[in-house]
Amino acid sequence: MGAETANRPERTAGYPHGPASGTAFTKLWTAFSVTQAPKPGVAVVHLTGPGRGNMMGTAFWAELPQVFAALDADDTVRAVVLAGSGNHFSTGLDVQEVLGSWLGRLGPGATAQAAQRTELNGLIRSLQDAVTSVATCRKPVIAAVHGWCIGGGVDLISAADVRLASADAQFSIREARLAIVADVGSLQRLRGIIGEGQLRELALTAKDIGASRAEKIGLVNDVFAGPDELMAAALDMAGEMTANSPLAVAGTKAVLNEGREEDIARGLRHVALWNSSFLHSEDLLEAVTALGERRRAVFTGK
């Protein structure tokens, strides 16, 4: 489905830039909508699907870095609120659409595999780079999470500067349930957000946690009664950020990112190599089959 173009409010007195008119606002996106908030200088990016529950298919991964590159280059934008449309933030990676073609390419009977595994490594790195575009955007990004935030959704919000949630939010680093090592950033970024012990518990159990637990461990800063209150709070916080010097805000984010992003980049390279070597397994095929049959997978470690 195509995203709606932004409504462009009149220039706000006292604000140095006119209405938003950059590429992020004028392009018709498939997996996103980008609008200018009533607060000047604030862009609102909604995940719009087209998959069920804002599932992250090929269009999402192609467009995410384009959206944030355009926002980064737009002088009318000083802060970004990232949210999901509909009932959820995101139910995560569309496994069939993104990885479906790989299920038969590296299995029994496949011969020389160096080229295929090199291609898979490139695919994983492209997904990583898409999420990293959020972290490296010079404008601060506030993730506003309601409903489910699963797998790739957690990868995405871990790249934001601040995370807020509504009381109905549910979070899960669910990749281990799918016989996959999470490889798009949550294992690397959440260590500095929620700490080693909390990260290991969530990643190794693949359990679901609610908003109150997420707040307790520092995954989100605050929890609000519902999606409306959540969005109002996110816009208020973005407004506080836009009131500051944009040069100082960008510089502050760059300094905060400096050491962290270098460590994250090393971790991302390692997990991309790991999954390009070991992703294909009987357990992965069982996980995909179980998804289609709406049952819990039974793993054998093969």
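Read on for an overview of the structure.

Here is what the cut-offs are and how they apply
- Residues numbered from 1 in each chain as written.
- Predicted model: local features only at pLDDT ≥ 70, side-chain atom pairs only at ≥ 80, totals over all residues.
- Heavy atoms only, no water.
- Helix = DSSP H or I, 4+ residues; strand = E, 2+ residues; numbered from the N terminus.
- Rg over C-alpha atoms; globule rule 2.2 N^0.38 Å.
- Buried < 20%, exposed > 50% of the residue type's maximum accessible area, 1.4 Å probe, protein only.
- Areas by Shrake-Rupley, 256 points an atom, 1.4 Å probe, with all protein chains shown as cover.
- Lys, Arg positive; Asp, Glu negative; His and termini not counted.
- Charge placed at Lys NZ, Arg CZ, Asp CG, Glu CD.
- Axes fitted to C-alpha atoms, helices over the stretch in contact; angles between N-to-C directions.
- Parallel < 35°, antiparallel > 145°, perpendicular 65-115°, else oblique.
- Left-handed = near helix turned anticlockwise from the far one by under 90°.
- Nonpolar A, V, L, I, M, F, W, Y, C, P; charged D, E, K, R; others polar.
- Pairing = 2+ DSSP bridges.
- 1 Å grid on protein atoms, 1.4 Å probe; cavity = no way out; pocket = protein on both sides within 12 Å on 5 of 7 lines; lining within 4 Å.
- Points joined across faces, edges and corners; volume = space filled by probe spheres on them.
- Right-handed = clockwise from strand over helix to strand, strands pointing away.
- Core = buried A, V, L, I, M, F, W, Y, C linked by side-chain atoms within 4.5 Å.
- Contact = heavy atoms within 4.5 Å.
- Arc of directions from axis to C-beta.

What to know about the overall build of the protein
Step number 1: The secondary structure content of the protein amounts to 12 helices and nine strands.
Step number 2: Its C-alpha radius of gyration of 19 Å places the protein within 12% of the 19 Å reference for a compact globule of 302 residues.
Step number 3: Principal-axis analysis of the C-alpha atoms gives the protein an extent of 65 × 40 × 40 Å.
Step number 4: Expressed as a percentage of the 302 residues in the protein, the buried residues total 51%.
Step number 5: Per element, the accessible surface of the protein, about 13,600 Å² overall, is 55% carbon and sulfur.
Step number 6: Across the protein, 28 positive and 32 negative side-chain charges occur, with their mean positions spaced 3 Å apart.

Brief notes about the packing of helix 4 (residues 114-136) against helix 11 (residues 246-278)
Between two packed helices, both the angle of their axes relative to each other and the distance between the axes serve to describe the pair.
Step number 1: Where helix 4 contacts helix 11, the two axes come as close as 9 Å, and the packing angle between them is 160°. In terms of axis orientation, helix 4 runs roughly antiparallel to helix 11. You can see that helix 4 and helix 11 cross each other, and the crossing is right-handed.
Step number 2: Of the residues belonging to the contact of helix 4 with helix 11, the class tally is nine nonpolar, seven polar and six charged.

Looking at the sheet that holds strand 7 (residues 170-172)
Step number 1: Across the sheet, which stays open at both edges, the three strands sit in the order 5-7-8 with mixed pairing between neighbours. Looking at which strands have only one partner, the edges of the open sheet turn out to be strand 5 (148-150) and strand 8 (208-210). Sheet twist, expressed as the average angle between the axes of neighbouring strands with direction ignored, equals 20°.
Step number 2: Bridge analysis of strand 5 against strand 7 gives three bridges, and the strand direction is parallel.

With respect to empty space enclosed by the protein
Step number 1: What the rule picks out here adds up to three cavities of 30 Å³ or more.
Step number 2: Estimated volume of the second largest cavity: approximately 50 Å³.

Remarks on the pairing of strand 2 (residues 42-47)
Step number 1: Of all six residues in strand 2, five are buried, a share of seventy percent or more.
Step number 2: Examined bridge by bridge, strand 1 (residues 32-36) and strand 2 share five bridges and lie antiparallel to one another. When the sheet's bridge partners are listed, Gln-36 is paired in strand 2 with Ala-43.
Step number 3: Looking at chain direction, strand 2 and strand 3 (residues 79-84) are connected through six bridges and run parallel. Across the sheet, the residue bridging to Val-42 is Ala-79, located in strand 3.
Step number 4: Handedness of the crossover is the feature at issue here: the chain leaves strand 2, passes through helix 2 (residues 58-73), returns alongside strand 3, and the resulting connection is right-handed.

With respect to the nonpolar core
Step number 1: Counting residues in each nonpolar core, the largest one holds 66 residues, and the members touching the most others are Phe-68, Leu-71 and Phe-171.
Step number 2: When neighbours within four sequence positions are excluded, Phe-68 is seen to be in contact with Val-80, Leu-82, Ser-133, Val-134, Cys-137 and Val-141.
Step number 3: Judged by nonpolar contacts, the second largest core, of 17 residues, contains Val-81, Ile-142, Val-162 and Met-241.

Examining helix 8 (residues 196-205)
Step number 1: Where helix 8 is concerned, the buried positions are Leu-199, Leu-202 and Ala-203. Buried residues in helix 8, looked at end-on, bunch into an arc of 90°, giving them a common side. Exposed residues pointing more than 90 degrees away from the buried face of helix 8 are listed as Gly-197 and Leu-204.
Step number 2: Contact partners of the buried residues in helix 8: helix 6 (186-189), helix 7 (191-194) and strand 8.
Step number 3: Looking at the residues trailing helix 8, positive phi occurs at Ala-206, about 60°.

Observations concerning the sheet that holds strand 4 (residues 141-145)
Hydrogen bonds between backbone atoms are what pair the strands of a sheet, whose relative direction is either parallel or antiparallel.
Step number 1: Read across the open sheet, the six strands follow the order 1-2-3-4-6-9; overall the sheet is mixed. Of all the strands in the sheet, just strand 1 and strand 9 (222-224) have a single pairing partner and so form its edges. Averaged over all adjacent pairs, the angle separating strand axes in this sheet is 20°, with direction ignored.
Step number 2: Bridge count between strand 4 and strand 6 (residues 162-166): four bridges; the pairing is parallel. Considered in strand 6, the bridge of Ala-144 is made with Leu-164.

All we've got here are geometric facts, nothing functional implied.
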